[in-house]
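A look at the structure
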Amino acid sequence: MKALIYKVFLLLVLFGIAAHADPLERFGANAAQVSMAGAGSVLETDYTALYACPSSMAFGRRSIGAGFMASFNRAQIRLSPRPSGYDPPDLGGLSPEVPYASRLHPRHGINSTDNVTGLYLGGTVNVYTKRVKVGLMVFAPVSNLGALHTKFNNELEQFFSNSLDWELLGSRLSNTQVMAGVAVRALDWLALGASVRVMMSSNVDTSAYSPNLNTNYFVLKGNASSHAAAIASITVRPLPGWMMAVIFRDKEYTIVQGTSEIQVNGLQGTKDYPMYQKMKMVIGYSPRQVVFSTSYKRNKWGVALDVAWQQWSIYMDNNGDRAGFHNTFSPSMGAYVDVGMGFRLSGGFRYIPTPVPDQTGRTNYVDNNAFVLGLGLKKWFKLKGDHRRVCVSAFAQFQFLQPRSVEKKIPSPYQTCKPGVKGICDEVPDDLKDPQTGKRLPAAQGLQTGNPGFPGFSSGGWYGVAGLQVGWRY
Amino acid sequence: MRGWAAVFACLAVACSVPAPPAGRFADQDVVVAGNGSDATADSGTKEGTGSLHVDGTWAFLNVTSDCEFVLGKAFEVLSYSVGLDKFQSTDGYAFKQVLTTCTMKETPLLGQASIYSQDMIDSLNPHTVYALVNGHEAGAVYIQAPDPSLWGLVMKDPFTDPIPTKKTDSRIRDTDHDGHPGVTIHVGNLCDVYLVQRSVTRSKGTVESAISIRASNIAHADVFRIGATKDICMSQNVDVPMPAYSYLVLKRVDGHDGSPDLDDNRDGRIDCAEIMAHWQDIFTMPRKDDKHCKDISAH
């Protein structure tokens, strides 16, 4: 088993499967945690503890498991109608950008965002002694595998989707998670654990040759490398039935960067031959987290309480810019009860405060407070007369996104769009002059913006997941 | 069970997305852009009847079509000028035309168009050409003598002297008086180009009515780029003149023979301000059409 786990781990790393964003954090790492709305990090001792609380593995038995989850949502964004007179005009050869009438896509809201469908797989084994366990866990999306979606969160997005999308939901959650770790039960009541999440970084340099407008030739020189983000935890059992843990998860993200060297026919002999353009994209940024988790259980019931602190203030958006989010505390609580015949019913509640401040300026990060309800049902099966060897768990979780409306503030005075400007900005500078007359162009006067979030938007709806997990403790 | 259903229903309703806010921004007055677009205007001129009496004030629209190659693909670029044309006949058939160009424009190519400052346009004014008609009725032939036009340049023989090839050529002049040699052409908001140009235009057409003459143009231009504010503007696109889509239209505008009278301020003379106020009512501007360059692109 150890050899198999090791080989699978190596294969996954060698093939550069990325681990980024956090479906496990957003919903929970296992059936118990999802059904208790994120509470109970300390409870599970199988392979899912590699994410939830690595040290708790040391308190459990060897196990393997697999599972499946799928999300569904109606996470809507509605855009306010644009007032008239703000469209970037067609100034012919003087237009500083493509006129608004020529956008490829009409400005539009969304009725839902991307879903995630994924498989869990993993296991734990003893190493020499029952007090030391190693484990491997993979969460792999079935659809949207390896999704790499980026967007702009300001007026530039008008040239792409010309829409808004959720910053912390959607495709960001549809990413592979690969982790391996070890847990040591140092004392009967104390265990230490650590795991690593493997992530991919890519450096992609391109050389392009463009002999004419219709033809481009590319040469790609890319290399992918992996790096790791740590998870560490301490679990204590101060009293029978009472467990406490502190879990630290380091920040993680995937970065794709490189340089493009472009040769355009006709520019030879100028300093623009060749042109060099830098590219840097950050995908699926998850901030540092510290989670305090505690649980208390009696024979037929148990309760759990988690509080997660997340350092959203370091969050970087797709362009590698600090987004100006604030740190949050997210509490969750859950309970379970054995209802007989090997069935266990669980449920929980969590509040996820949004780290995203009101987007009254230039940026359009969309996120809402979420009220989370979880539900689950677990069934134990006996094998060969032994008790509690195989379990099947069904789970569901609904995240209700608190309605939110945003109105852009009227900037006074408004500024021309350039790096560092925070407010809604003017894409057609007022001081643009007609070289014939030397006078300012009347059509350039006033604020002109095609920012998709202008003059406001509202967001809300819900995001749900459901799934099934099977575990075998041997 | 009912309780849970109620909770879910309540939350589902509570989480329904509200209508987006109206926003705090009031409507702005829309100013229609008038620069560089392919404006189309309907001709409001009522065609005159009777014979041509050339003496008087006319307005002209001169359109030159070129197919310019950028990155291997050809695009049509229309350069057009609008102005005053005072006809002075010697014998009723031969006459002198004193032209005053009021504006010069160019349609954008990949979002950038040449823009001519008023000082540069003024440096071309006034300009004299000679022409002939072989009759005064509709259908009579109109021929203009080959017309050389020099930008930022003096030449002893504007037809045969070679175009300068060095910045130090003594024939180069700062005719638009902006401190840069030659004339300055603003290429959109991308850069300024300093150049000299010699163009020779030949026009031949017909008298359409007592107040309208239309001719086709064949123009050839030699250009020397002296410098530019950006290197990228020193490279010149390959361009091919398109005589089939180049033309000259003359419209009488002094109120005689049924023509419109553009002397708005009744001072007895028509000036550029009055021409510019009405030119889009007088002339119909064609839109550029890259299909005109299709045959050329195929080569």
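1. Re the overall build of chain B
The helix and strand tally for chain B stands at 4 helices and 11 strands. Put simply, chain B has 299 residues, and 44% of those count as buried. When contacts within chain B are restricted to residue pairs at least 6 apart in sequence, those whose partners lie at least 24 apart make up 66%. Entry remark: accessible area of chain B is about 14500 Å², with carbon and sulfur atoms responsible for 54%.

2. Let's talk about the state of the cysteines
Residue and element names in this part refer to chain B. Per the counting criterion, the structure on display carries 4 disulfides over all chains. Each disulfide pairs two cysteine sulfurs, and for Cys 67 the partner residue is Cys 293, the sulfurs being separated by 1.9 Å. When the S-S torsion is -90 degrees, as for the bridge of Cys 67 with Cys 293, the disulfide is left-handed. Of this pair, Cys 67 sits in strand E1 (residues 56–70) while Cys 293 sits in the loop between helix H3 (272–282) and helix H4 (294–298), and the two are 226 residues apart along the sequence. Between the sulfur atoms of Cys 191 and its disulfide mate Cys 233 the distance is 1.7 Å. Given an S-S torsion of about -100 degrees, the disulfide between Cys 191 and Cys 233 has left-handed geometry. One end of the pair, Cys 191, is in strand E8 (residues 191–209); the other, Cys 233, is in the loop between strand E9 (212–228) and strand E10 (238–241), and 42 residues separate them in sequence. With relative accessibility at 6%, the residue Cys 233 sits in the buried group. Once the bonded cysteines of chain B are numbered in order along the sequence, the disulfide links fall as 1-6, 2-5, 3-4.

3. Things to note about the environment of A:Arg185
Residues and elements named next belong to chain A. Looking at the element boundaries, Arg 185 is found in strand E4 (residues 177–187). Along the backbone, Arg 185 and Ile 234 are 49 residues apart, and their C-alpha atoms lie at a distance of 9.8 Å. When sequence neighbours within four positions are dropped, the list of residues in contact with Arg 185 reads Ala 58, Phe 59, Arg 131, Leu 190, Ala 191 and Arg 237.

4. Some words on the pattern of salt bridges
Residue and element names in this part refer to chain A. Following the criterion strictly, the structure yields 20 salt bridges over all chains and no others. The partner of Asp 338 in a salt bridge is Arg 344, with the nearest N and O atoms 2.8 Å apart. With respect to burial, Asp 338 and Arg 344 carry one shared label: buried. Where salt bridges share partners, they join Glu 44, Lys 378 and Arg 473 into one cluster.

5. Details of a nonpolar patch on the surface
Residues and elements named next belong to chain A. A cluster of nonpolar side chains, Leu 239, Trp 242, Tyr 296, Trp 301, Val 303, Val 337, Val 339, Leu 345 and Leu 377, forms an exposed patch at the surface whose accessible area comes to about 750 Å². Secondary structure elements with two or more residues in the nonpolar patch: strand E11 (301–310) and strand E12 (328–340). Trp 301 gets classed as partly exposed once you look at its relative accessible area, which sits at 38%.

6. Examining the packing of aromatic side chains
Considering all chains together, one arrives at 24 aromatic pairs over all chains under this definition. Aromatic rings pair up to connect A:Tyr253, A:Tyr285, A:Trp312, A:Tyr315, A:Phe325 and A:Tyr365 into one cluster. Taking NZ or CZ as reference, A:Arg82 lies 4.4 Å from the ring centre of A:Tyr100, over its face. Its guanidinium or amino end placed over the ring of B:Tyr247, B:Arg214 lies 4.3 Å from that ring's centre, counting from NZ or CZ.

7. Re the environment of A:Gly340
Mapping A:Gly340 onto the fold places it in strand E12. A:Gly340 sits in the partly exposed class, given a relative accessible area of 33%.

8. Considerations on the environment of B:Asn134
Residues and elements named next belong to chain B. Following the sequence through the fold, Asn 134 ends up in the loop between strand E5 (127–133) and strand E6 (141–151). Distance in space between the C-alpha atoms of Asn 134 and Gly 92 is 9.5 Å, their sequence separation being 42 residues. Ignoring any residue separated from it by four or fewer positions in sequence, one finds Asn 134 in contact with Tyr 93, Ala 140 and Val 141. A polar atom in the side chain of Asn 134 sits 2.7 Å from the backbone nitrogen of Val 141.

9. A look at the side chain of A:Asp338
Residue and element names in this part refer to chain A. Note that Asp 338 resides in strand E12. Residue Asp 338 is classed as buried on the basis of its relative accessible area, which comes to 16%. In terms of polar contacts, Asp 338 uses its side chain to reach the side chain of Arg 344, at 2.8 Å.

10. Section: H3(B)
Structural remark: α-helix, 3.6 residues per turn; residues separated by three or four positions point the same way. Residues and elements named next belong to chain B. All of the buried residues in H3 are Glu 274, Ile 275, Trp 279 and Ile 282. For H3, the angular spread of the buried residues around the axis is 125 degrees, confining them to a single face. In H3, the exposed residues that point more than 90 degrees away from the buried face are Ala 273 and Ala 277. The inward-facing, buried residues of H3 contact E1, strand E2 (73–89), strand E3 (94–106) and strand E11 (247–252).

11. Some remarks on the confidence of the model for chain A
Looking at chain A as a whole, its pLDDT mean stands at 88, while 92% of the residues score no less than 70. Mean pLDDT across the elements of chain A ranges from a minimum in helix H1 (residues 2–14) of chain A, with 39, to a maximum in E11(A), with 97.

How each quantity is defined
- Residues numbered from 1 in each chain as written.
- Chains lettered and ligands numbered in written order.
- Predicted model: local features only at pLDDT ≥ 70, side-chain atom pairs only at ≥ 80, totals over all residues.
- Heavy atoms only, no water.
- Helix = DSSP H or I, 4+ residues; strand = E, 2+ residues; numbered from the N terminus.
- Buried < 20%, exposed > 50% of the residue type's maximum accessible area, 1.4 Å probe, protein only.
- Contact = heavy atoms within 4.5 Å.
- Areas by Shrake-Rupley, 256 points an atom, 1.4 Å probe, with all protein chains shown as cover.
- Disulfide = S-S within 2.5 Å.
- Salt bridge = Lys/Arg side-chain N within 4 Å of Asp/Glu carboxyl O.
- Patch = residues over 30% accessible without salt bridge, like charges linked within 9 Å, V, L, I, M, F, W, Y side chains within 5 Å.
- Phe/Tyr/Trp six-rings, centres within 6.5 Å; stacked < 30°, edge-to-face > 60°.
- Lys NZ or Arg CZ within 6 Å of the ring centre and 35° of its normal.
- Polar contact = N/O pair within 3.5 Å; in protein donor to acceptor, adjacent residues only side chain to side chain.
- Arc of directions from axis to C-beta.
- pLDDT = per-residue confidence, 0-100.

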